[in-house]
Structure formats: structure tokens, C-alpha cells
Amino acid sequence: MIKMTYCLRRLPSLSREAFQQHWLKNHGPLVRRHAQALKIRRYVQMHTAGDPLNDAMRKSRGAPEPYDGIAEVWFDSRESMVAGSTSPEGKAAMAALREDEVRFIDRAQSPVWFGEEHVVVE
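Source: prediction; values computed, not measured. (Residues numbered from 1 in each chain as written. Predicted model: local features only at pLDDT ≥ 70, side-chain atom pairs only at ≥ 80, totals over all residues. Heavy atoms only, no water.)

K.L.:
Would you mind showing me how to read the side chain of D68 here?
P.N.:
Looking at the element boundaries, D68 is found in the loop between α2 (52–61) and β3 (69–75). Once residues within four sequence positions are removed from consideration, D68 is found in contact with L8, R9, R10, R16, F19, Q20, W23, H47 and T48. (Helix = DSSP H or I, 4+ residues; strand = E, 2+ residues; numbered from the N terminus. Contact = heavy atoms within 4.5 Å.)

K.L.:
Would you take a moment to explain the packing of aromatic side chains for this structure?
P.N.:
Inspection of every chain in the model, using the stated rule, returns two aromatic pairs. Consider the rings of F19 and W23, whose centres lie 5.6 Å apart with planes at 40°: the pair is tilted. A residue pair is termed a helical-turn pair when its members lie 3 or 4 positions apart in one helix, as F19 and W23 do in helix α1 (residues 16–38) at four residues. Looking at W23, the relative accessible area reads 1%, which means it is buried. Relative to F104, the ring of F19 has its centre 5.5 Å away and its plane inclined at 45°; by these criteria the two rings are tilted. One end of the pair, F19, is in helix α1; the other, F104, is in the loop between α4 (88–101) and β4 (112–115), and 85 residues separate them in sequence. The exposure class of F19 is buried, given its relative accessible area of 0%. Given a relative accessible area of 0%, F104 falls into the buried group. One aromatic cluster is present, formed by F19, W23 and F104 through successive ring pairs. Above the ring of W74, the side-chain terminus of R42 is found at 4.7 Å from the ring centroid. (Phe/Tyr/Trp six-rings, centres within 6.5 Å; stacked < 30°, edge-to-face > 60°. Buried < 20%, exposed > 50% of the residue type's maximum accessible area, 1.4 Å probe, protein only. Lys NZ or Arg CZ within 6 Å of the ring centre and 35° of its normal.)

K.L.:
Honestly, α1 in this entry has me stumped. Any pointers?
P.N.:
Side chains that are three or four residues apart share a direction in an α-helix, a result of its 3.6 residues per turn. The end-to-end C-alpha distance of α1 is 28 Å, clearly below the 33 Å that 23 residues give at a rise of 1.5 Å each. The largest bend in α1 is about 35°, located at H27, with the proline P29 one to four residues further on. On the buried face of α1, the contacting elements are β1 (2–8), β2 (40–47), β3, α3 (78–86) and α4. At the exit of α1 stands K39, carrying a positive phi of roughly 60°. (Expected span 1.5 Å × (residues − 1). Bend = angle between axes of the 7 residues up to and from the residue.)

K.L.:
Where do I start with the nonpolar core in this structure?
P.N.:
Within soluble globular proteins, side chains that are nonpolar generally end up buried alongside one another. Core analysis: the biggest nonpolar cluster contains twelve residues, these being I2, M4, L30, V31, A35, L38, I40, V73, F75, M81, A93 and L97. Secondary-structure elements contributing two or more residues to this core are β1, α1, β3 and α4. At four residues, α1 tops the list of elements feeding residues into this core. Setting aside its immediate chain neighbours within four residues, I2 contacts V73, W74, F75, D76, S77, R78, F114 and G115. Judged by nonpolar contacts, the second largest core, of seven residues, contains Y6, F19, A71 and I105. (Core = buried A, V, L, I, M, F, W, Y, C linked by side-chain atoms within 4.5 Å.)

Dropping the structure here:
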């Protein structure tokens, strides 16, 4: 199993609420619609909560501003992910996802990477 993690920052023109609403109500169903073509096993959105505790914790650690959310996408394997994204259906799906991303994600400020999970506490 391989997981893609995408730390999202919203476009400067959007409020966090508008960003999260678009991500959940528009982009989420778009990912669901293309999941089979892209060979996505699991997709999770983690939205940053508007809780004063977040700001207090950030300040106590000298941490930067939080991301607006994190997307996690699981694939059975690297080979499966590559096969899904390079098939004709997968290429069309990737184009549709990228087209929507530019509507709400500041892609230049949103790191993305592949990794493996190591469960420490279950």
C-alpha cells in the first residue's frame, strides 16, 4: 500500500470556509467519480478546524500557520497508481481533477508526496 499526502493551502481569494466547502462538496465527489479509473483505494479529507486551541498550540510551539486541510489518497501499490494515472481514462480523470484544483487550491504553496504508513499506536 502506498499513500499520497497533499497538504493544501487555499487560494488567497477564498475564506477557509469557502475553500473547505468547495473541497468537500465539489472536489470530493469528483474524486469519487474518478476513483476507479485512477485505482484509488481510499480518499480522506482532513479539514483544519476553526478552533482557538489550534492557534494556541501553534503559538506555543512557534509553528507556522496551519494548512487548510490535508488530502490522503491510498493506492494498492506504486505500480497500481502509475497504471491508473497513465491509462487513457486515468489521464482524463487527472485532467478533470487538476482543472478543479486551480479553482480553490494554491498549488504552489501545497506540498504533495508519496510515503508509507508506519502505525505506532493502533
